[in-house]
Every structure is written in structure tokens, then in C-alpha cells.
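Overview (structure and organization)
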Amino acid sequence: MVRKFRLVNEKGQEFSMMDIENYTLLTDPAGLGYAYVSEYQQIGNTFIESLRQMQQGQINGTCNFLYYDNYKLLVDFIESSESLKFGYKIPYKDGSSKEFFKDVNIQILEKAEKGRNGVLSSAIIFDCLTLWYEEKTTVYTINPLENEIRWDYRWDSKFTDYDTRNLEYINTGHVEAPVYIEIYGQVVNPVIQLYVEGELYQTIEIKATIEEYEKLLYNSREGTFSISKQNTDGTILDLFDLDYIDPQNDNVLRLPKNKNCKIVLTAENEVLNAKITIYSQYKAV
């Protein structure tokens, strides 16, 4: 097995970086690790760290194209995308593999002439916008969905109907893990709770009715935090104001590292369908 690279945009479309015939082949990748910047103050013969922060980082390498057409395909893919993430699939000794992502911006894609081997080799550089992260999604539903992703999870035995949904998880990442939650209507006054080591840690109450074919959207990722409702026509209504939520409350739910965590979804009526995505984040993988 070999490691694999790809680009994925906000629509879920992907551009392979392992297929020189139809897309491109990325060689000599670099910048997949991490680095810190530190400053120190000297006190006598001892140096005390006064600042330590991660460098932003860049991923770079060489894109190899068999045809000029494929170079343009990559450019068109990048420029038609509102956002990009760089996928890095790593094979492990036991035969398993995991894929990690980083949100990126294109900085440079050079272009020269084909070499004597008939291959167009172009340097590429991406600016990194996030840490590496995994996307782990759990779908809760009464009726099975086609191609749905499921985890093993445990129902709380004291509930006999569907007014509560639970997800237990241990964040093995290097920092707190944000979440993205979708709750499908019809639900009345949904509540998101986080339990840590069995103790109630956080409660987010949303005073809103999500009608049938509407969705509650909750996003605690850095830089994109939002609480909103997707209407039946696809438009988005911001719910982060006094009419729907208490802004003085701690409404940013993130799972601490290496703790037994449980996310609980409730409402005044039944929570029939929901989806939770947890973004475990890593400084290097």
C-alpha cells in the first residue's frame, strides 16, 4: 500500500493526485509535518519560553501531467471551488489506513514545458488553514438511509422512545474537537448537551421550531461557528440572536482531549433523524 493524495471541494467533488493519465500525479510532497515558533527570555543562565505557537505551514510538491489538458482541469477545479481540502490517506503496518484532511488555499501552481519524458512537471504550493483532521460521521435515523455511515453507539436504556439521541466518543486528537450537527425537522426547541466523564458539561438550548423538510445546523469549527436553520427552499436563517438562543451562554461545543464524552440531542418532541460529525484534529499524522 502507498499513501494517497487528493483534493476535495465544498461540493464533495474530488481531484485525484495519484492518476497521471486522467488527473495528476503528486511527487516529492513536503510540508506534511509541523513546526513551532518559540521565543525565550534569558534569566541568568536559564532560558524561559515566553511565546510558543505553531507555524501556519505549507504543503508543496510537484504535479506531473501527461497532457496539457489535465493541467487545465486542475486549474479549473481549483478556481471553480469555493473551498478546498487536501486529503492524505496513510497506510499502516497492520494493513489498515486512515484519511486526514487539511483546509488549504492554493498559492502557486507553476507551468513550464514538457520534459523529454513527455511529462509536464509543475511545482505546487498550498497554504494550510487548519490542522489535520478526521471526519467521523454518525447518522441517527428510524428508517435506514442508502449508503449511510454508522458507528457503534449505545442507547441509554432508560429511554423507550426517540426523544433523545446519544453519541459516546473519546477525542484522541491533539486539541479539542469541534462538531457539526444536523437535526432534521420536525423538532421543537432542540437541545444539545455535552457530558464529560459522566458529568453534564455544557447545554445549548435553541428556542426554535424546525419544521418538516427543514434542518437545524450547528457548527463549532473555528472561523465558521454558526447556529442556523436551513429552510425548505435552501436558504439559511441565522439563529444566533436573542430570539432563539442566549448569547451569554457558552454555545461553542468542543470535545476535550482523552475524555469520555457523550453528546445528547433532545427536543420537546421526538428527535427522529440527526447527523453528527466530529472533527478530531492532529498537529501531525
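Note: the structure precedes this text.
These numbers were taken from a predicted model, which means no experiment stands behind them. (Residues numbered from 1 in each chain as written. Predicted model: local features only at pLDDT ≥ 70, side-chain atom pairs only at ≥ 80, totals over all residues. Heavy atoms only, no water.)

Considerations on the overall build of the chain
Helix and strand counts for the chain stand at one helix and 22 strands. By its C-alpha atoms, the chain is 70 × 60 × 45 Å across when sized along the principal axes. Expressed as a percentage of its 285 residues, the buried residues of the chain come to 39%. Of the accessible surface of the chain, which amounts to about 16,100 Å², a share of 46% is contributed by carbon and sulfur atoms. The average position of the 29 basic charges and that of the 43 acidic charges among the side chains of the chain differ by 7 Å. (Helix = DSSP H or I, 4+ residues; strand = E, 2+ residues; numbered from the N terminus. Buried < 20%, exposed > 50% of the residue type's maximum accessible area, 1.4 Å probe, protein only. Areas by Shrake-Rupley, 256 points an atom, 1.4 Å probe, with all protein chains shown as cover. Lys, Arg positive; Asp, Glu negative; His and termini not counted. Charge placed at Lys NZ, Arg CZ, Asp CG, Glu CD.)

What about the pairing of strand β14 (residues 191-196)?
Within β14, five of the six residues are buried, which leaves the element mostly enclosed by the surrounding structure. Of the strand pairs in this sheet, β14 and strand β15 (residues 199-205) are connected by six bridges, and their pairing is antiparallel. The residue of β15 that forms the bridge with V196 is E199. The turn linking β14 back onto β15 is made up of two residues, and E197 within it adopts a positive phi angle of 50°. (Pairing = 2+ DSSP bridges.)

Description of the side chain of K102
Relative to the elements of secondary structure, K102 occurs in strand β8 (residues 97-109). For the buried K102, which has no salt bridge, the nearest side chain bearing the opposite charge is D103, at an N-O separation of 10 Å. Once residues within four sequence positions are removed from consideration, K102 is found in contact with G33, I59, L84, K85, F86, C128, T130, L131, W132 and Y133. (Salt bridge = Lys/Arg side-chain N within 4 Å of Asp/Glu carboxyl O. Contact = heavy atoms within 4.5 Å.)

Examining unusual backbone geometry
Here G185 and Q186 are connected by a cis peptide whose omega angle stands at 20°. Along the polypeptide, Q186 turns up in the loop between β12 (177-184) and β13 (187-188). Even without being a glycine, D28 presents a positive backbone phi close to 55°. Its location among the elements puts D28 in strand β3 (residues 25-30). Residue classification places D28 among the exposed positions, given a relative accessible area of 62%.

With respect to the pairing of strand β18 (residues 226-230)
By the bridge criterion, five bridges tie strand β17 (residues 215-219) to β18 in an arrangement that is antiparallel. Looking at β18, one finds that K215 is bridged to Q230. Counting the residues between successive antiparallel strands, the hairpin from β18 to strand β19 (residues 236-238) contains five residues, one of them, G234, with a positive phi of roughly 90°.

Details of the pattern of salt bridges
Working definition: two side chains of opposite charge can pair if their charged atoms are close together. Applying the stated criterion across every chain yields a total of ten salt bridges. Residue R6 is joined to E14 by a salt bridge in which the shortest nitrogen-to-oxygen separation is 2.9 Å. Accessibility expressed as a relative area gives 42% for E14, which makes it partly exposed. Note that R6 is salt-bridged to E99, the shortest N-O span being 2.7 Å. One end of the pair, R6, is in strand β1 (residues 4-9); the other, E99, is in strand β8, with 93 residues separating them in the sequence. In the salt-bridge network here, residues are joined through shared partners; they are R6, E14 and E99.

Quick word on the environment of E205
Mapped onto the fold, E205 is located in strand β15. With a relative accessible area of 41%, E205 lands in the partly exposed category. Separated by 71 residues in sequence, E205 and E134 have C-alpha atoms that sit 27 Å apart. Among all residues touching E205, those that are not within four sequence positions of it are P190, V191, Y244 and I245.

Thoughts on the packing of aromatic side chains
Scanning all chains against the criterion turns up 14 aromatic pairs. Where Y88 meets W132, the ring centres are 5.4 Å apart and the plane angle is 50°; that geometry is what we call tilted. Here the residue Y88 occupies a position in strand β7 (residues 84-91), and W132 occupies one in strand β10 (residues 132-140), the gap between them amounting to 44 residues. Judged by its relative accessible area of 7%, Y88 falls in the buried class. With a centroid separation of 5.6 Å and an interplanar angle of 75°, the aromatic rings of Y133 and Y279 are classed as edge-to-face. Here the residue Y133 occupies a position in strand β10, and Y279 occupies one in strand β22 (residues 273-282), the gap between them amounting to 146 residues. By way of ring pairs, the aromatic residues F5, F86, Y88, F126 and W132 are connected into one cluster. Sitting over the ring of Y36, R52 keeps its end group 3.8 Å from the ring centre. Stacked on the ring of F101, the Lys or Arg K85 has its end atom at 4.6 Å from the ring centre. (Phe/Tyr/Trp six-rings, centres within 6.5 Å; stacked < 30°, edge-to-face > 60°. Lys NZ or Arg CZ within 6 Å of the ring centre and 35° of its normal.)

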